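Secondary and tertiary structure notes
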Amino acid sequence: SSGPSVPCPAGRRPYHTILTAQGSLYQQWQTKIFYYHFRKQQAAGGRCTEMTGFTRLLAGKPDELMPTIPTVAVPEAGHNVTR
């Protein structure tokens, strides 16, 4: 049984997934699909899943996905910094 009173197995290694993205329409679509499948697999893993968290690291301004997908928005680095 895997009820709430049963401890998770020894050796479990929980991890947090971080997705980097920009605010383009295409990347928003990709993010929605990615997050949907993350949540689906997370649920399939049950209470002791190792898939414990998800954060989208958004380069740019806050967007409409933020209320539904855990997101941290950071200023986008310019080409002078990334090249």
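All of the points below concern the structure found in this document. (Residues numbered from 1 in each chain as written. Predicted model: local features only at pLDDT ≥ 70, side-chain atom pairs only at ≥ 80, totals over all residues. Heavy atoms only, no water.)

Before going further, it helps to spend a moment on the pairing of strand E1 (residues 15-22). Inspection of the sheet shows E1 paired to strand E2 (residues 51-59) by 8 bridges, in the parallel sense. Following the sheet pairing, Gln-22 is matched in E2 by Ala-59. What joins E1 to E2 is helix H1 (residues 25-44), and the crossover it makes is right-handed. (Pairing = 2+ DSSP bridges. Helix = DSSP H or I, 4+ residues; strand = E, 2+ residues; numbered from the N terminus. Right-handed = clockwise from strand over helix to strand, strands pointing away.)

The next subject is the side chain of Asp-63. Relative to the elements of secondary structure, Asp-63 occurs in the loop between E2 and strand E3 (71-74). Here the side chain of Asp-63 touches Gln-28 through a polar contact of 3.1 Å, side chain to side chain. For Asp-63, the contacting residues outside a window of four places in its chain are Gln-28, Arg-56 and Leu-58. (Polar contact = N/O pair within 3.5 Å; in protein donor to acceptor, adjacent residues only side chain to side chain. Contact = heavy atoms within 4.5 Å.)

Glancing now at the state of the cysteines. Enumeration over the complete set of coordinates arrives at 1 disulfide. A disulfide bridge connects Cys-8 with Cys-48, and the sulfur atoms are separated by 2.2 Å. Looking along the S-S bond of the Cys-8-Cys-48 disulfide, the torsion reads about -90°, which is the left-handed sense. Remark: Cys-48 occurs in the loop between H1 and E2 and Cys-8 occurs in the segment before E1; sequence separation between them is 40 residues. By relative accessible area, which is 27% here, Cys-8 ends up partly exposed. (Disulfide = S-S within 2.5 Å. Buried < 20%, exposed > 50% of the residue type's maximum accessible area, 1.4 Å probe, protein only.)

Attention now moves to the environment of Ala-43. On the secondary structure map, Ala-43 appears in helix H1. Separated by 20 residues in the primary sequence, Ala-43 and Gly-23 have C-alpha atoms spaced 27 Å apart.

Next up on the list: the sheet that holds E1. Spatial ordering of the open sheet is given by E1-E2-E3, a layout of 3 strands whose pairing is parallel. Whereas interior strands pair on both sides, the edge strands pair on one side only; in this sheet they are E1 and E3. Neighbour to neighbour, the strand axes of the sheet diverge by 25° on average, direction disregarded. Taken strand by strand, H1 contacts E1 and E2, and its axis lies near 170° from that of E2. (Axes fitted to C-alpha atoms, helices over the stretch in contact; angles between N-to-C directions.)

On to the nonpolar core. Core analysis: the largest hydrophobic core is formed by 7 residues, namely Leu-19, Tyr-35, Phe-38, Met-51, Phe-54, Leu-65 and Ile-69. Among all residues touching Phe-54, those that are not within four sequence positions of it are His-16, Thr-17, Leu-19, Phe-34, Tyr-35, Phe-38, Ile-69 and Pro-70. (Core = buried A, V, L, I, M, F, W, Y, C linked by side-chain atoms within 4.5 Å.)

Take the environment of Tyr-35 next. In this fold, Tyr-35 is placed in helix H1. Sequence separation of Tyr-35 and Pro-70 is 35 residues, and the distance between their C-alpha atoms is 9.6 Å.

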